[in-house]
Amino acid sequence: LDCNHSLFLFADDGTEKFGGETASRAEIERQLADHFQCPIVTIVIQGGVGTLDTVLNSVRQSSPVVVVSGSGQAADLLAYAYNFLHSSKPQYTLYTIGAFKLEIEKLFSKSKLSKEKLEKAFHNLLRCVQDHSLITIYDVHEQGSDEFDESILYSIHKRKAKKQEDEFFVSVNKLKNAMSFDNIEFAEKIVSELSSEKIIVEKKDERGIHDIDELFMQALKTNKTDVVEMFLNENLVKLSDFVITKKNSKRPKIIDLYLHEIRKEHSHVNSVFYLFQRNNNKVQNVEEYKEKLQNDEFGLDDIEAIFLETLVTTKR
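So, here is what we can say about the structure in this document. (Residues numbered from 1 in each chain as written. Predicted model: local features only at pLDDT ≥ 70, side-chain atom pairs only at ≥ 80, totals over all residues. Heavy atoms only, no water.)

Throughout the structure, instances matching the rule amount to 8 aromatic pairs. Summarising the aromatic geometry, the rings of Y138 and F148 are spaced 5.1 Å apart at their centres and angled 65 degrees between planes, so their arrangement reads as edge-to-face. Linking Y138 in strand β3 (residues 135-139) with F148 in helix α7 (residues 147-158), this pair joins segments that are 10 residues apart in sequence. Pairwise contacts between aromatic rings join Y80, F84, Y92, Y95, F100 and F122 into one cluster. The ring of F122 has K101 lying over it, and the distance from NZ or CZ to the ring centre is 4.9 Å. (Phe/Tyr/Trp six-rings, centres within 6.5 Å; stacked < 30°, edge-to-face > 60°. Helix = DSSP H or I, 4+ residues; strand = E, 2+ residues; numbered from the N terminus. Lys NZ or Arg CZ within 6 Å of the ring centre and 35° of its normal.)

In C-alpha cells, the structure reads:
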C-alpha cells in the first residue's frame with residue numbers, strides 16, 4: 001500500500017476481475033459528494049482499458065474529468081477523442097476515425113486486446129468525451145505546472161447544473177471552490193455571471209442569503225481581502241446584517257469574528273485584551289469579557305466598551 005495515503009477503502013465484488021470495484025467506487029464518490037456538498041473531479045494520468053470504465057462512470061454521474069494529455073496511454077487517447085469531436089484547431093481537423101483506431105491499437109498493444117475489445121474501447125472513448133462540458137484537457141507540453149490547479153477549478157466551473165439542481169446553489173458552490181483555490185479571477189467571473197443574470201437579486205429565501213453570508217464570513221476569517229472587497233463592490237452582502245441581532249439568532253454575526261480570533265494563539269482580540277489589562281489593571285474585567293466570549297454572551301456593547309476604554313487610556 002502507498003504510504004502517502006492516510007485512508008484505504010477496499011471493495012470486494014466477489015470476483016478476481018480487475019476493475020470490478022469501478023461501479024462501487026463511483027457510487028461511493030457520488031454519495032460522499034452529495035453528503036458533503038463538494039465536487040468530485042476525476043484526474044486521468046496515463047491509465048489502461050479499465051481507466052475508460054472509470055471515466056465513463058464519472059461522466060454518467062456528471063462528475064468533471066481532467067485529462068492530462070501527454071502522460072500517455074488512456075489519457076492521450078481521451079485527449080485525441082475529445083479533440084477529434086470538439087476542437088476546431090487546424091492540427092486536429094486532420095484527425096480521422098481510421099487514424100484514431102490505429103492509435104488505440106498502438107497504445108493498447110501490450111494489453112493484447114481482441115478486435116471486439118478494441119472496438120469497444122473506441123466507442124467507450126467517444127462516449128467519455130461526448131459531453132464537452134465535463135471534460136477538460138490539460139496538456140503537459142503546452143501548459144505550465146501552475147496551470148494544473150486552474151484546470152481542475154475550470155473543470156468544476158464549466159460543469160452544467162443537473163436538471164434537479166438549483167443553478168444558484170451550484171454557482172455558490174463554484175464560488176466556494178474558487179475561494180478555496182485562492183483564485184479571485186474565477187470568483188469574480190462567477191459573481192459577474194450571477195449578477196448579470198440577476199440570480200442573486202431574485203434569490204431572496206433565507207437559505208440563499210445564509211450561504212452568501214457564510215462565504216463572506218469565511219473570507220473575513222481567512223483574511224481574503226480581495227474577496228471581501230468583491231462582495232462589497234457587488235452588493236452581495238449588507239454590512240448592517242452583521243452588526244444587528246436577527247430573529248432566531250443569539251448574537252450579531254460580527255461576534256463570530258471575535259470568537260474565531262480569540263481561539264488563536266496570536267490574535268488581535270487577545271492583543272486588545274492585553275492593552276485593556278495593562279492600561280487599566282482590571283484583570284477581573286478582562287477575564288469576565290473572555291468568559292463572556294467563550295459562553296456566547298459577548299455583545300457589541302462589550303466590544304465598544306473595551307475598544308473605547310483602551311483607546312482613551314492609551315492616549316492618556
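Attention now goes to the nonpolar core. Judged by nonpolar contacts, the single largest core of 26 residues is most densely connected at L78, F100, I104 and L125. Listed by contribution, the elements that provide at least two residues to this core are α2 (49-60), β2 (65-69), α3 (73-86), α5 (97-107) and α6 (115-128). If you tally residues by element for this core, the top one is α3, at 8 residues. In this structure I104 touches L77, L118, A121, F122 and L125, once residues within four positions along its chain are discounted. Residues F186, I212, L215 and V237 belong to the second largest nonpolar core, which totals 24 residues. (Core = buried A, V, L, I, M, F, W, Y, C linked by side-chain atoms within 4.5 Å. Buried < 20%, exposed > 50% of the residue type's maximum accessible area, 1.4 Å probe, protein only. Contact = heavy atoms within 4.5 Å.)

Attention shifts here to helix α1 (residues 22-36). Taking 1.5 Å of rise per residue, the 15 residues of α1 would be expected to cover 21 Å, and the 21 Å separating its terminal C-alpha atoms lies within 8% of that figure. Among all positions of α1, only T22, A26 and A33 are buried. One face of α1 carries all of its buried residues, which in axial projection span an arc of 40 degrees. Turned more than 90 degrees away from the buried face of α1 sit H35 and F36, all of them exposed. On its buried face, α1 sits against α2. Of the residues trailing α1, Q37 is marked for its positive phi of about 50 degrees. (Expected span 1.5 Å × (residues − 1). Arc of directions from axis to C-beta.)

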